[in-house]
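What follows is the residue order along each chain.
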Amino acid sequence: MIKSVQKATMLLSILADQYEQPVSLAELSERSGLNKSTCSHIMSTLENEGFAVKISHTRGYVLGPAAYCLSRFGRYKNSFISVCRPIMQYLHRNSGYSVVLAVIEGDTKYIIDYIDDGTIFETKTKIRKDDIYRTATGRAILMNLSEEQRNAIFKKYGKPSQSEWPEILHLLDVSSYTQQKCDDVFKSCIVTNEDNTVNLGYGTALFSGHSCVGAIGIAVNIPCEREKSFGEEENKIIKLIERGAKEINRRLEW
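Cut-offs and rules
Residues numbered from 1 in each chain as written. Predicted model: local features only at pLDDT ≥ 70, side-chain atom pairs only at ≥ 80, totals over all residues. Heavy atoms only, no water. Helix = DSSP H or I, 4+ residues; strand = E, 2+ residues; numbered from the N terminus. Buried < 20%, exposed > 50% of the residue type's maximum accessible area, 1.4 Å probe, protein only. Contact = heavy atoms within 4.5 Å. Areas by Shrake-Rupley, 256 points an atom, 1.4 Å probe, with all protein chains shown as cover. Pairing = 2+ DSSP bridges. Expected span 1.5 Å × (residues − 1). Phe/Tyr/Trp six-rings, centres within 6.5 Å; stacked < 30°, edge-to-face > 60°. Polar contact = N/O pair within 3.5 Å; in protein donor to acceptor, adjacent residues only side chain to side chain. Disulfide = S-S within 2.5 Å.

Visitor: What's the story with the overall build of the protein in this structure? I'm lost.
Guide: Broken down by element type, the protein carries nine helices and eight strands. Here the protein, with 254 residues, has 40% of them falling under the buried criterion. Within the protein, contacts between residues at least 6 apart in sequence are counted, and of these 54% link residues at least 24 apart. With an accessible surface of roughly 14400 Å², the protein has 49% of that area assigned to carbon and sulfur atoms.

Visitor: Got a minute to help me understand the pairing of strand β6 (residues 186–192) in this structure?
Guide: Where a strand is regular, its side chains alternate between the two sheet faces. Of the strand pairs in this sheet, β6 and strand β7 (residues 197–208) are connected by seven bridges, and their pairing is antiparallel. The residue of β7 that forms the bridge with Lys-187 is Tyr-202. Linking β6 to β7, which pair antiparallel, is a turn of four residues; within it Asn-196 sits at a positive phi near 55 degrees.

Visitor: Explain helix α3 (residues 36–48) here, please?
Guide: Taking 1.5 Å per residue as the helical rise, α3 with its 13 residues ought to reach 18 Å, and the 18 Å between its terminal C-alpha atoms agrees with that figure. Summarising the contacts, the buried residues of α3 are in contact with α1 (3–18), α2 (25–32), β1 (52–56) and β2 (60–63).

Visitor: I tried to follow the packing of aromatic side chains on my own but got confused; where do I start?
Guide: Any pair of aromatic rings gets described here by the distance separating the centres and the angle formed by the planes. For the structure on display, the rule yields four aromatic pairs. With a centroid separation of 6.5 Å and an interplanar angle of 80 degrees, the aromatic rings of Trp-165 and Phe-186 are classed as edge-to-face. Residue Trp-165 is found in the loop between α7 (147–157) and α8 (168–173), and its partner Phe-186 is found in strand β6; the two are separated by 21 residues along the sequence. Across the pair, Phe-186 and Trp-165 agree in class, each one buried.

Visitor: Sorry, what's going on with the pairing of strand β8 (residues 211–223) here?
Guide: Pairing of strand β3 (residues 98–105) with β8 involves five bridges; the strand directions are antiparallel. Its bridge partner lying in β8, Leu-101 is registered against Ile-216. As paired strands, β7 and β8 are joined by 12 bridges and run antiparallel to one another. When the bridges of β8 are listed, Ala-205 appears paired with Ala-215.

Visitor: Please clarify how the side chain of Glu-234 should be interpreted in this entry.
Guide: Following the sequence through the fold, Glu-234 ends up in helix α9 (residues 231–252). Look at Glu-234 and you get buried, because its relative accessible area is 18%. Here the side chain of Glu-234 touches Tyr-202 through a polar contact of 2.7 Å, side chain to side chain. The contact partners of Glu-234, leaving out residues within four places of it in the chain, are Lys-187 and Tyr-202.

Visitor: Which parts of the structure should I look at to understand the state of the cysteines?
Guide: Simply put, disulfide is the name for a covalent bond between the sulfur atoms of two cysteines. Applying the stated criterion across every chain yields a total of zero disulfides. The thiol sulfur of Cys-189 is not disulfide-bonded, and the nearest other cysteine sulfur, from Cys-224, lies at 8.0 Å. When its relative accessible area of 40% is taken as the criterion, Cys-189 is described as partly exposed.

Visitor: I would appreciate a short explanation of the environment of Gly-74 in the present structure.
Guide: When you line up the elements, Gly-74 lands in the loop between α4 (65–69) and α5 (78–95). Under the relative-accessibility criterion, Gly-74 is labelled partly exposed at 36%. Taking the C-alpha atoms as reference points, Gly-74 and Arg-93, 19 residues apart in sequence, are found 26 Å from one another.

As structure tokens, then:
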């Protein structure tokens, strides 16, 4: 990637995180890791092209009209999100945990919508790249891709290791996963040593007809010591996801 483009998209993402709150040049520099001179030059270009607006010298910048014009056709996959959003709200309300909606485009996984209380995501950016192998929604979609699509992902990232995904070798050996829909609920578990917490993910694929169009998941962040007694709540979460996915799939057929 051209470095100047990468820097510009990084600064635009920072502005998007703050939505309509101005971000000063000093804060842009601090959050991006770029020096003030570089930030100033890039922001001047973005301002000239309408992608940023300078509120004042001290208050800084907000997104400009050109940035909003890029999304003039609505949110990414808006019709899909519109179908899923009420069910996501239902899952969030009944589980008490964060809910995510994910897709894989090409060889990259994106979270395209989520409902969160701040325990999983620290910023407000709606569309974000995410890990395929270590996340439940990534696993759910991956196991519903064609062999050709999976091999393209394996070529880019390498096959997942058993430390990343202990069940992967067994799953890849099960030929039925490549021949019919896999609507299992997948689980992921990531331990965060810094604060002694564990991130548990539960996800299942979503279908329009026989084609996988994404995955819905519930993300849980709890203290490590609580994981051993989480079984009953886990069963509840799995049943909720199965119910929610079934309803989304039904609505996608309308």
